[in-house]
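# Structural overview
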Amino acid sequence: NRAALDQEIGRRIADGRGFALMFLALDGLNAVHGGFGNPAGEELLQLAAGRLARAMPKAFLARWGDDEFVAIGPHGSGKATLGEMAQRALEAIGQPCAIAGHDIKLTPSIGGACSPEHGTDSQTLLRHADAAMFAARQNGCNRPVVFHEALDTGSQRRARLHSQLRADVERDKFHFLLQPKVDGAGRHLGAELLMRWSPDRIGTVAPAEFIPIAEDIGVFDRLGRHAIRSAARIARELRTIDSAATIAVNLSPDQLSRPGLVDMALEACRAEGADPSWLELELTESALVSDIGAVTRLLVRLRDRGFCLALDDFGTGYSSLSHLRQLPLHKVKVDQSFVKDLQTDPRSLKALEGIVALCRTLRITTVAEGVETSAQFESLRATGIDEFQGYLFGRPMAKEAWFEQLRRMNRPGSAAGHGAG
Ligand code: C2E
Ligand code: CA
Ligand code: CA
């Protein structure tokens, strides 16, 4: 298994003589699971594992993921051993397997990397062997690929993310962090839900990178629904710890332009037992350029059903006054760039004061994002901004950690105040 593999890789690295690492995926196994049932898939997997072990008696073999194996050569092995291992694995897996009354042939995709040449730590080596395996699969023929620098490029990464994203959406491999939002006295008013994805061997990918890809390949729908549902669930849970805090969730321009958003959001609330007023929906101005009339009607429907509506990243895009006047907004979140420039650029401060005054007249609550220092907090408070969010009050954190903070603050006698003091 993986733990044993980690240990073995650690031993090889400590030894320092170098070693070969091979990544192998059994293409076609998922189709067997789907077509002949899970027992047939399991049987095939066992058969393949046995064959691999016999074909590479000197290698350490581990199951990595659903249809993936990793093999590492002995101390001092290099490219020659890698080639040999790959050849033997191809032959072993290439033989037909009799499963559920059928002769099934699997096609393995094999990638390899050698230490120290292609990496001196476990993560880099695995990532590089994986990139090579992915290239082998794309080549489509039963030919192993050894890692080389060209595989580490941006387009390879994008291709890798594309295919991994599709698979991970199916497996619900996304989670959320919460970042607190406070008032001028540092009291927690709620938190923003921020999506996270940490695919195997790739490391954490920022939402700014993976959300556009997910929209591109048409799988963001499911993730967006997942986000709203999670927000509703967390908001419900907050009531059990006697907190009136709200949960903000981001809506992408794509989500806003799809029919059925209102029903989907209401259904999420109903299913989780949450009141729509416990949720804040954050939208960016770029969502408003297409058909402002249609978006306005949509927002009015959302508002009428009780949702709180916030305009995100205000000040970066069109920052149109008519948007502020026309849209049924409860909140405006001023973009982080204003906060960054606050100390150095007096015009930033003037612009902020103008936005605050305007929002006051329109009865829109103002929120400042990206507050990192006490000095920024002080200047922002002086402008009359209502709510604040940023590393000063808390980085995006796991739900449990935030709940713990809320509980501590709710305890009788505890003084409210932001973490930085
Ligand atoms: P956003 O809605 O403007 O979210 C705020 C971003 O600023 C977050 O980045 C947050 O981690 C970061 N941030 C918060 N405080 C500070 C600070 O004090 N300093 C600095 N430098 N940064 C701070 P993150 O989590 O990487 O999210 C990026 C964007 O991805 C979000 O921008 C949002 O547009 C989008 N996003 C995230 N989660 C979701 C989601 O569930 N659905 C949709 N549609 N979009 C999402
Ligand atoms: Ca946001
Ligand atoms: Ca923002």
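Residues numbered from 1 in each chain as written. Chains lettered and ligands numbered in written order. Predicted model: local features only at pLDDT ≥ 70, side-chain atom pairs only at ≥ 80, totals over all residues. Heavy atoms only, no water.

## A word on the coordination of the calcium ion (ligand 2)
Our working rule: Any N, O or S atom lying within 2.8 Å of the metal counts as a donor, and for Na, K and Ca the limit rises to 3.2 Å; water is left out, so some sites can look incomplete. Classification of residues uses two cut-offs on accessible area relative to the type maximum, computed with a 1.4 Å probe and protein chains only: under 20% is buried, over 50% is exposed, and between them is partly exposed.
Donor atoms from the polypeptide that bind the calcium ion (ligand 2) are Glu192 (OE), Asn250 (OD1), Glu282 (OE) and Asp312 (OD), placed at 2.1 to 2.3 Å. Mapped onto the polypeptide sequence, the residues donating to the calcium ion (ligand 2) form the spacing pattern E-x57-N-x31-E-x29-D. Residue Glu192 is classed as buried on the basis of its relative accessible area of 4%. Accessibility expressed as a relative area gives 6% for Asp312, which makes it buried.

## Digging into the packing of aromatic side chains
Quick reminder of the rule: Centres within 6.5 Å make a pair out of two Phe, Tyr or Trp rings, where for Trp the six-membered ring is used; the pair is then stacked when the planes are under 30 degrees apart, edge-to-face when over 60, and tilted otherwise. The secondary structure listing takes helices from DSSP runs of H or I that are at least 4 residues long and strands from runs of E that are at least 2 residues long, numbered from the N terminus.
On inspection of all chains with the given rule, the structure shows seven aromatic pairs. Geometrically, the ring pair formed by Phe174 and Trp197 is stacked, given 5.6 Å between the ring centres and 20° between the ring planes. Of this pair, Phe174 sits in the loop between helix H6 (154–170) and strand S8 (175–183) while Trp197 sits in the loop between strand S9 (188–196) and helix H7 (207–216), and the two are 23 residues apart along the sequence. Trp197 shares its class with Phe174; the two are buried. An aromatic cluster is built from Phe174, Trp197 and Phe210, whose rings are joined through pairwise contacts.

## Here's the deal with the pattern of salt bridges
Filter applied, for reference: A side-chain nitrogen of Lys or Arg and a carboxyl oxygen of Asp or Glu constitute a salt bridge if their distance falls within 4 Å.
All chains considered together, the criterion is met by 32 salt bridges. Put simply, Glu192 and Lys333 hold a salt bridge, and the shortest N to O gap is 2.9 Å. Taken together, the residues span a long stretch of sequence, with Glu192 in strand S9 and Lys333 in strand S13 (residues 331–334) at a distance of 141 residues. Accessibility assignment for this pair places Glu192 and Lys333 in one class, buried. Among the ionic contacts, a cluster of salt bridges with common partners joins Lys181, Glu280, Lys331 and Glu387.

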